[in-house]
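Summary of structural features
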Amino acid sequence: MATDFWSSTHYKRWIVDRATLRQARADDMRYVDDPEIFVYFSLFFANSITRLGKKLGFRQRVIATAIVFFRRFYLKNSYCETDPFIVIAACCYVAGKAEESPSHIKNIATEARFLFSQQPYWVKNFPVDNSKLAEMEFYLVADLECDLTVFHPYRTLMSLCQKEGSSESQTEAGEVGVGIDDGPRYWGTGEGHLELPDEALQLAWSIINDMYRSDLCLLYPPHLLAITALYLTLALHTPTKELIMQKSQFSPSDDSHISPRRSSRQVSSSLFGSKKPPDFIGFFAGLNVSMPLIATIAQEMISLYSMWERYKEEVDTSDTPRSAFHTQSNSPYSATTQGTGNGLSESLSATHSRVGTPVVEGPDDMRKADGMSVVTSATLVQTLTRMRENRVSDLARHSTGGRPVVINKMLERAQAAG
């Protein structure tokens, strides 16, 4: 296993630019009216992988790896020429083996068939023969170029927050800059760390989970995603944000003469006990990263959360993955700042006003909730079906004698029902 991210195939082959992403969706763009629909496809498929992974008992890292495999596969393939649901099952199967948490192929095929036969998917032709899924595995691994090692931001997050403590956390040392002799450490001297309360650290972890609902895992190295998650956590976690705002009201010279307000002292005491509160601003100032780039990634996450608010899945809510922003907005930590119109909430409101509405056909495709256009999972399934049907029609018109042709010969047998 590669231990240095910068020398790994993950960095050399799978960190791409936006032009590559646009090229990957070129065929699909011919069958949709608005490119924003692909943001909702990303949410929908990532949630589907998460739901299947939980049914299989996978750890979050395995689920994240399956999502990365899915995104890498669709850098070389289009939605309108493949069956994403069997690709999802294959990604979970391969990710389980790659992360040393294998699940039997029969179990994966059974769970996937049961899940995708229900609302909102209603997939009627999911293969009943396990050999079809095994065959799809070979197609998937071929398009992944046998690069099955995936670096994630989770270990970087734990290392930055001084939560490593185990030998396992050092196996990806190159990801976080530990032990590198010929390169910079991502936190400058290597001695600066950020100590967060458990609630804030959990929020940062959840934000990283949310990042896999977008293309950020293909656009940026994992350490930048981890730092962005910390950056957003300081805006989302209300007690921590209050502490930062309180400290920013006093200059260092005034700090010894003016004591903080009682409420701020109580916040600090409840979060860190008898320890001195960390210097959040100083921590970010000492990082060896581009803070404007971190702010750019954070803005992309804010845009994702804004669009996520308009996305509704027609499934059991207890089984639906929820965003960190939605969870935090309903937590007691955010009660004191709701409606204040500052921080992340203001940014979300401003971003939401700039986000357009995906254009899809049919009166039942869009709903209204709280004055916003809502995209449902059923909408996306219908859109995907129309894309595939239109693609088949286009290929049939260009085939000899008007005879229908296979959308993707590579997946012809894998898509066939057993």
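Residues numbered from 1 in each chain as written. Predicted model: local features only at pLDDT ≥ 70, side-chain atom pairs only at ≥ 80, totals over all residues. Heavy atoms only, no water.

**Concerning the overall build of the protein**
Within the protein, the regular secondary structure consists of 22 helices and three strands. The burial tally for the protein puts 52% of its 418 residues in the buried class. The long-range share in the protein, meaning contacts at least 24 apart out of those at least 6 apart in sequence, stands at 78%. For the protein, the exposed area adds up to about 19,200 Å²; of that, 51% sits on carbon and sulfur atoms. (Helix = DSSP H or I, 4+ residues; strand = E, 2+ residues; numbered from the N terminus. Buried < 20%, exposed > 50% of the residue type's maximum accessible area, 1.4 Å probe, protein only. Contact = heavy atoms within 4.5 Å. Areas by Shrake-Rupley, 256 points an atom, 1.4 Å probe, with all protein chains shown as cover.)

**Things to note about helix 11 (residues 198-211)**
Taking 1.5 Å as the rise per residue, helix 11 with 14 residues should run 20 Å; its terminal C-alpha atoms sit 20 Å apart, in good agreement. Taken residue by residue, helix 11 has Ala 200, Leu 201, Leu 203, Ala 204, Ile 207, Ile 208, Asn 209, Asp 210 and Met 211 as its buried positions. (Expected span 1.5 Å × (residues − 1).)

**A word on the pattern of salt bridges**
Summed over the entire model, instances satisfying the criterion amount to 11 salt bridges. Linking Asp 147 and Arg 13 is a salt bridge whose minimum nitrogen-to-oxygen distance equals 3.1 Å. Taken together, the residues span a long stretch of sequence, with Asp 147 in the loop between helix 8 (130-143) and helix 9 (153-160) and Arg 13 in helix 1 (residues 9-14) at a distance of 134 residues. Overall, the relative accessible area of 9% leaves Asp 147 in the buried class. Three or more residues joined by partner-sharing salt bridges are found here, namely Arg 13, Lys 76, Glu 145 and Asp 147. (Salt bridge = Lys/Arg side-chain N within 4 Å of Asp/Glu carboxyl O.)

**Observations regarding the packing of aromatic side chains**
Considering all chains together, one arrives at 22 aromatic pairs under this definition. Where Phe 5 meets Phe 151, the ring centres are 5.5 Å apart and the plane angle is 80°; that geometry is what we call edge-to-face. Within this pair, whereas Phe 5 is found in the segment before helix 1, its partner Phe 151 is found in the loop between helix 8 and helix 9, the two being separated by 146 residues in sequence. Here the aromatic rings of Phe 73 and Tyr 74 are separated by 5.1 Å at their centres, their planes lie at 85°, and the arrangement is edge-to-face. One exposure class covers both Phe 73 and Tyr 74, and it is buried. (Phe/Tyr/Trp six-rings, centres within 6.5 Å; stacked < 30°, edge-to-face > 60°.)

**Topic: empty space enclosed by the protein**
Rolled over the atoms, a probe as big as a water molecule pinpoints where empty space is left. Overall, the coordinates contain two cavities of 30 Å³ or more when judged by the stated rule. Approximately 60 Å³ is the volume attributed to the largest cavity. As for the largest cavity, its lining consists of His 10, Val 68, Phe 151, His 152, Pro 153, Tyr 212, Cys 217, Tyr 220, Pro 222 and Leu 225. Lining of the second largest cavity is provided by Ile 86, Ala 109, Phe 126, Pro 127, Asp 129, Asn 130, Lys 132 and Leu 133. Here the lining of the second largest cavity takes three residues from helix 8, the largest share from any one element. Partitioning the lining of the second largest cavity into residue classes produces five nonpolar, one polar and two charged. (1 Å grid on protein atoms, 1.4 Å probe; cavity = no way out; pocket = protein on both sides within 12 Å on 5 of 7 lines; lining within 4 Å. Points joined across faces, edges and corners; volume = space filled by probe spheres on them. Nonpolar A, V, L, I, M, F, W, Y, C, P; charged D, E, K, R; others polar.)

**Quick notes on the environment of Leu 384**
Following the sequence through the fold, Leu 384 ends up in helix 21 (residues 377-398). Expressed as a C-alpha distance, the spacing of Leu 384 and Cys 80, which sit 304 residues apart in the sequence, is 7.0 Å. In this structure, Leu 384 is in contact with Phe 41, Phe 45, Tyr 79, Pro 84 and Phe 85, ignoring residues within four places of it in sequence.

**Describing the environment of Val 150**
Mapped onto the secondary structure, Val 150 falls in the loop between helix 8 and helix 9. The exposure class of Val 150 is buried, given its relative accessible area of 2%. The spacing of Val 150 and Pro 222 is 72 residues in sequence and 9.8 Å in space, taken between C-alpha atoms.

**A look at the layout of surface pockets**
Its boundaries defined by the atoms lining it, the largest pocket holds a volume of some 770 Å³. Around the largest pocket sit 28 residues that line it, and Arg 18, Leu 21, Phe 38, Val 39 and Asp 215 are the ones nearest its centre. Elements supplying a minimum of two residues to the lining of the largest pocket: helix 2 (18-24), helix 4 (37-55), helix 5 (60-73), helix 12 (216-219) and helix 18 (291-308). At five residues, helix 18 tops the list of elements feeding residues into the lining of the largest pocket.

**Section: the packing of helix 4 against helix 18**
The relative placement of two packed helices is expressed as an angle between their axes plus a distance between the axes. Orientation of helix 4 relative to helix 18, taken along the N-to-C sense of each, is 80°, at an axis distance of 11 Å. On the basis of their axis angle, the class for helix 4 and helix 18 is roughly perpendicular. From helix 4, Val 39, Tyr 40, Leu 43 and Asn 47 reach across to helix 18, where they touch Leu 304, Met 307 and Trp 308. Counted by class, the contact of helix 4 with helix 18 contains six nonpolar, one polar and no charged residues. (Axes fitted to C-alpha atoms, helices over the stretch in contact; angles between N-to-C directions. Parallel < 35°, antiparallel > 145°, perpendicular 65-115°, else oblique.)

**Description of the packing of helix 5 against helix 6 (residues 84-98)**
Put simply, helix 5 and helix 6 touch, their axes get as near as 8 Å, and they point 130° apart. Looking at the two axes, helix 5 sits oblique to helix 6. For helix 5 against helix 6, the interelement crossing comes out right-handed. Across the interface between the two elements, Val 62, Thr 65, Ala 66, Phe 69, Phe 70 and Phe 73 from helix 5 touch Pro 84, Val 87, Ile 88, Cys 91, Cys 92, Val 94, Ala 95, Gly 96 and Ala 98 from helix 6. In terms of residue class, the contact of helix 5 with helix 6 is built from 13 nonpolar, two polar and no charged. (Left-handed = near helix turned anticlockwise from the far one by under 90°.)

**Some words on helix 18**
For helix 18, built from 18 residues, the straight-helix expectation of 26 Å at 1.5 Å per residue is met to within 8% by its first-to-last C-alpha distance of 25 Å. Where helix 18 is concerned, the buried positions are Ile 294, Ile 297, Ala 298, Met 301, Ile 302, Leu 304, Tyr 305, Ser 306, Met 307 and Trp 308.

**A closer look at unusual backbone geometry**
Backbone torsion omega between Gln 119 and Pro 120 reads 5°, so that peptide bond is classified as cis. Structurally, Pro 120 is set in the loop between helix 7 (105-116) and helix 8. Its identity is not glycine, yet Trp 122 carries a phi of approximately 55°, on the positive side. At Cys 146, a residue that is not glycine, the phi angle is positive and equals roughly 60°. Here Cys 146 shows up in the loop between helix 8 and helix 9. A residue is classified by how much of its surface remains accessible, and Cys 146, at 59% relative accessible area, is exposed.

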